[in-house]
Amino acid sequence: MKKLACLAVLILFSFSAFAQRGLNCNAVFRGKVVPSNRMIETEVRGESMSTYKLSYFHSIKVQVDEVTATKIAGIIELDVDNAVSAETEYDGDRLIYAMVELQPFKRVNRYLCYQLKQTAGAEAITIIYLEGSASLNELHHMFEKR
């Protein structure tokens, strides 16, 4: 029974690793920029997401110093450069917001959202990766209601 449980956990983690496949931000999600134990991570998959026309939601929230925030923004900008479409907002030369429509993968729409909030002594970053049949316009309407 323990072997079966371990196998199930490994399969679940392997699906998560493939979700952001081909994206530069995958390094951030996998804890290669900021250690995973310093991130607040949320993953939701399956039926509970169908109301939103999504099949996968993966977010991380992290507080970092300005140097690390700049590094993460640079990684996000690489994905913005390869996007189907992107809405970005800058404060001077600093990326503070991005809503990115990524290349679909196997006919599944993919999106990346980024937000930087500056607080006293720290930079609060939220990155969200989404998959599903929802259009960019539908996502905008969902986010406006929240």
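A. Inspection of the pattern of salt bridges at higher detail. In the structure shown here, the tally under the stated rule is 2 salt bridges. In this structure, Lys53 and Glu138 form a salt bridge, with 2.6 Å as the shortest nitrogen-oxygen distance. Of this pair, Lys53 sits in the loop between β1 (40-45) and β2 (54-64) while Glu138 sits in helix α4 (residues 136-145), and the two are 85 residues apart along the sequence. Residue classification places Lys53 among the partly exposed residues on the basis of a relative accessible area of 42%. For Glu138, a relative accessible area of 27% translates into the label partly exposed. Glu123 is the salt-bridge partner of Arg94, the closest N and O atoms lying 3.0 Å from each other.

B. Spatial organisation of the nonpolar core. Among the nonpolar cores identified, the biggest contains 29 residues, and Ile72, Ile76, Leu112, Tyr114, Ile125 and Ile127 are the most heavily contacted of them. For this core, the elements supplying multiple residues, two or more each, are α2 (26-29), β2, α3 (66-81), β4 (94-105), β5 (108-119) and β6 (122-132). For this core, the element with the highest residue contribution is α3, accounting for 6 residues. Ile127 has contacts with Val28, Phe29, His58, Ser59, Ile60, Ile72, Ile76, Leu112, Cys113 and Tyr114, leaving out every residue within four places of it along the chain.

C. Inspection of the pairing of β2 at higher detail. By the bridge criterion, 6 bridges tie β1 to β2 in an arrangement that is antiparallel. The residue of β2 that forms the bridge with Arg45 is Tyr56. As paired strands, β2 and β6 are joined by 10 bridges and run antiparallel to one another. Each bridged residue has a counterpart across the sheet, and for Lys61 the counterpart in β6 is Thr126.

D. How the structure looks around the environment of Asp65. Note on placement: Asp65 falls in the loop between β2 and α3. Counting along the chain gives 59 residues from Asp65 to Ala124, while the straight-line C-alpha distance between them is 8.9 Å. In terms of polar contacts, Asp65 uses its side chain to reach the backbone amide nitrogen of Val67, at 3.3 Å. There is a polar contact of 2.7 Å between the side chain of Asp65 and the backbone nitrogen of Thr68.

E. Focus on the pairing of strand β3 (residues 85-91). Alignment of β3 against β4, held across 7 bridges, turns out to be antiparallel. Paired with Tyr90 across the strands is Leu95, a residue of β4. Hairpin connection of β3 to β4: 2 residues between the antiparallel strands, including Gly92 at a positive phi of 70°.

F. Spotlight on the sheet that holds β1. Within the open sheet, the 6 strands sit side by side as β1-β2-β6-β5-β4-β3. Their pairing is antiparallel. Since the sheet does not close on itself, it has two edges, and those belong to β1 and β3, each with one partner. Averaged over all pairs of adjacent strands, the angle between strand axes in this sheet comes to 10°, irrespective of strand direction. On the sheet, α3 packs against β2, β3, β4, β5 and β6 and is oriented at approximately 35° with respect to β4.

G. Quick look at the confidence of the model for the chain. Put simply, the chain has an average pLDDT of 84, and 84% of its residues get 70 or more. Across the chain, the secondary-structure element scoring lowest on mean pLDDT is helix α1 (residues 2-19), at 41, and the one scoring highest is α3, at 95. Every residue in residues 1-18 is under pLDDT 50, and counting partners more than four places away or in other chains gives 5 contacts.

Calculation notes
- Residues numbered from 1 in each chain as written.
- Predicted model: local features only at pLDDT ≥ 70, side-chain atom pairs only at ≥ 80, totals over all residues.
- Heavy atoms only, no water.
- Salt bridge = Lys/Arg side-chain N within 4 Å of Asp/Glu carboxyl O.
- Helix = DSSP H or I, 4+ residues; strand = E, 2+ residues; numbered from the N terminus.
- Buried < 20%, exposed > 50% of the residue type's maximum accessible area, 1.4 Å probe, protein only.
- Core = buried A, V, L, I, M, F, W, Y, C linked by side-chain atoms within 4.5 Å.
- Contact = heavy atoms within 4.5 Å.
- Pairing = 2+ DSSP bridges.
- Polar contact = N/O pair within 3.5 Å; in protein donor to acceptor, adjacent residues only side chain to side chain.
- Axes fitted to C-alpha atoms, helices over the stretch in contact; angles between N-to-C directions.
- pLDDT = per-residue confidence, 0-100.

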